[in-house]
Amino acid sequence: MPRENRDPDYSLRLIAATSSILLFLLTLMVIWMVFSPHTPAVKVTYLTVNKFNITPREELTAVFNVEGILRNPNIALSLTYERLTLALWFGNFTISSVVVEPPPFSIRGHTHAPIRARFEVVGMQIPNWVASEIAVQQRFHGGMDFGAMLDARFRYKFGMESSKVFSITLQCYPLRVELPLNDTMNNGRLVEPSDCYVV
């Protein structure tokens, strides 16, 4: 029975074709990893409460200073913010909200930027349950658990090309502020930094 004649270069061509396919798939994977969009990440690193006082008529006076880090986890994509609003709350009650920084502003890939906000309330009427819960937390825990909500509208950008506008809401909770009930200075500070999560 005659032997089958094989092309001597067949194996080499098969190896070359397989290698080309694998290289193509690897290239696609790298491109996907580099250009796949990721949402912003936020961490609250600093929060002070000054001149904190609640009157018997349940009127709140306080100055809040918040600082954090706004991080862009993308490798090649910049994030351009159209709007960035930070709200501070206790329980389900919003104390105040501010625009963090006049938009638009951008953060390059794999970098971060500091964010700062200042809230000041004077004689703000608060619900009875809020005043009661604050007093309970101060008495039994030596402080209060505040929360922050960051609303952002942003675009992904690569070179001169921009995406459509995306919206995201991140919540930072709990923000434990140490402020005992008998503190005559009425000043408190964040116990530890807190990461924010998408809601």
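Located above this text is the structure these notes cover.
Residues take numbers from 1 onward in each chain, read along the sequence in its written order. Only residues with pLDDT of 70 or above have their local features reported here, since the model is predicted, and side-chain atom pairs are shown and tallied only from 80 upward, although totals for entire chains, interfaces and linings are computed over all residues. Only hydrogens and water are set aside; all other atoms, that is, all heavy atoms of the structure, feed into the side-chain values.

(A) Just the overall build of the protein chain, in detail. By the criteria applied, helices consist of DSSP H or I runs no shorter than four residues and strands consist of E runs no shorter than two, each listed in order from the N terminus. Helix and strand content of the protein chain: 2 helices and 12 strands. Scanning the protein chain from its N terminus toward the C terminus, one meets helices and strands in the order α-β-β-β-β-β-β-α-β-β-β-β-β-β. Counting only residues that meet the buried cut, the protein chain has 36% of its 199 residues in that class. The contact criterion used throughout is that any non-hydrogen atoms of two residues lie within 4.5 Å. Contacts spanning at least 24 positions in sequence make up 70% of the contacts within the protein chain whose residues lie at least 6 apart. Here the term buried applies to any residue with accessible area under 20% of the maximum for its type, exposed to any over 50%, and partly exposed to those in between, with areas from a 1.4 Å probe on protein chains only.

(B) Molecular detail of the pairing of strand E9 (residues 166-178). When strand E7 (residues 143-158) meets E9, the two strands line up antiparallel, connected through 11 bridges. Each residue of the ladder has a partner; that of Ala148, found in E9, is Cys172. Here the rule is simple: two strands pair whenever DSSP picks up at least two bridges between them. Alignment of E9 against strand E12 (residues 197-198), held across 2 bridges, turns out to be antiparallel. Paired with Gln171 across the two strands is Tyr197, which belongs to E12. Across 2 bridges, the pairing between E9 and strand E10 (residues 188-190) is antiparallel. When the sheet's bridge partners are listed, Glu178 is paired in E10 with Arg189.

(C) Expanded view of the pattern of salt bridges. Salt-bridge detection follows one rule: a side-chain nitrogen of Lys or Arg within 4 Å of a carboxyl oxygen of Asp or Glu. Applying the stated criterion to the full structure yields 4 salt bridges. Taking the shortest distance from any N to any O, the salt bridge between Glu120 and Arg118 comes out at 3.0 Å. Given a relative accessible area of 49%, Arg118 falls into the partly exposed group. The partner of Asp145 in a salt bridge is Arg176, with the nearest N and O atoms 2.3 Å apart. Pair noted here: Asp145 is in strand E7 and Arg176 is in strand E9, with a separation of 31 residues, a long-range link. Under the relative-accessibility criterion, Arg176 is labelled partly exposed at 31%.

(D) Structural detail: the layout of surface pockets. Taken as a whole, the largest pocket encloses approximately 180 Å³ of empty space. Throughout, the protein atoms alone are placed on a 1 Å grid, and a set of points is a cavity if a 1.4 Å probe fits but cannot get out or a pocket if it is open with protein on both sides within 12 Å along at least five of seven lines; lining residues have an atom within 4 Å of a point. Along the wall of the largest pocket there are 15 residues; nearest its centre are Phe52, Asn53, Ile54, Gln138 and Leu181. For the lining of the largest pocket, the elements supplying multiple residues, two or more each, are strand E1 (41-54) and helix H2 (128-141). Any residue outside Ala, Val, Leu, Ile, Met, Phe, Trp, Tyr, Cys, Pro, Asp, Glu, Lys and Arg is labelled polar, Gly included; the first ten of those are nonpolar and the last four are charged. Residue composition of the lining of the largest pocket, by class: 9 nonpolar, 4 polar and 2 charged. Grid points are joined across faces, edges and corners, and a volume is the space filled by probe spheres set on the points.

(E) Unusual backbone geometry, seen in detail. In this structure, Pro174 follows Tyr173 across a cis peptide bond, with omega equal to 0°. Position of Pro174 relative to the elements: it lies in strand E9. Residue Lys51 is not a glycine yet carries a positive backbone phi of 55°. Note that Lys51 resides in strand E1. Positive phi, close to 55°, is recorded for His110, a residue that is not glycine. Topologically, His110 is positioned in the loop between strand E5 (105-107) and strand E6 (112-125).

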